[in-house]
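Geometric and topological summary
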Amino acid sequence: MKALQENPPELEVYTWLNTNTPLSLEELKGNIVAIFAFQMLCPGCVENSIPQARRVHSLFTNYGVKVIGLHTVF
């Protein structure tokens, strides 16, 4: 199994939504970060990925898990 990269590259984000300040991986260091990629026009994403991200957030927030939704155009 390949070891995880110790210092992953910083996120390159065009626009941040639902946050007052941009997020950085450096600030999230020490937390488990779950990134869910989705597209609002994708029926599978709306039906599966977004609810799954919400479940992870509600179940694991107290354990230091941070959830980031990444809206992308495929």
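Above this note sits the structure.
With respect to the overall build of the chain
Helix and strand counts for the chain come out as two helices and two strands. Helices and strands appear in the chain in the N-to-C order α-β-α-β. With respect to the principal axes defined by its C-alpha atoms, the chain has extents near 35 × 35 × 30 Å. Burial analysis of the chain (74 residues in total) assigns 19% to the buried set. Partitioning the contacts of the chain with sequence separation of at least 6, the portion at a separation of at least 24 is 55%. By element, 57% of the accessible surface of the chain is carried by carbon and sulfur atoms, the whole surface being about 6,500 Å². Where the 5 positive side-chain charges of the chain centre and where its 6 negative ones centre are 9 Å apart.

Reading the values: rules and limits
- Residues numbered from 1 in each chain as written.
- Predicted model: local features only at pLDDT ≥ 70, side-chain atom pairs only at ≥ 80, totals over all residues.
- Heavy atoms only, no water.
- Helix = DSSP H or I, 4+ residues; strand = E, 2+ residues; numbered from the N terminus.
- Buried < 20%, exposed > 50% of the residue type's maximum accessible area, 1.4 Å probe, protein only.
- Contact = heavy atoms within 4.5 Å.
- Areas by Shrake-Rupley, 256 points an atom, 1.4 Å probe, with all protein chains shown as cover.
- Lys, Arg positive; Asp, Glu negative; His and termini not counted.
- Charge placed at Lys NZ, Arg CZ, Asp CG, Glu CD.

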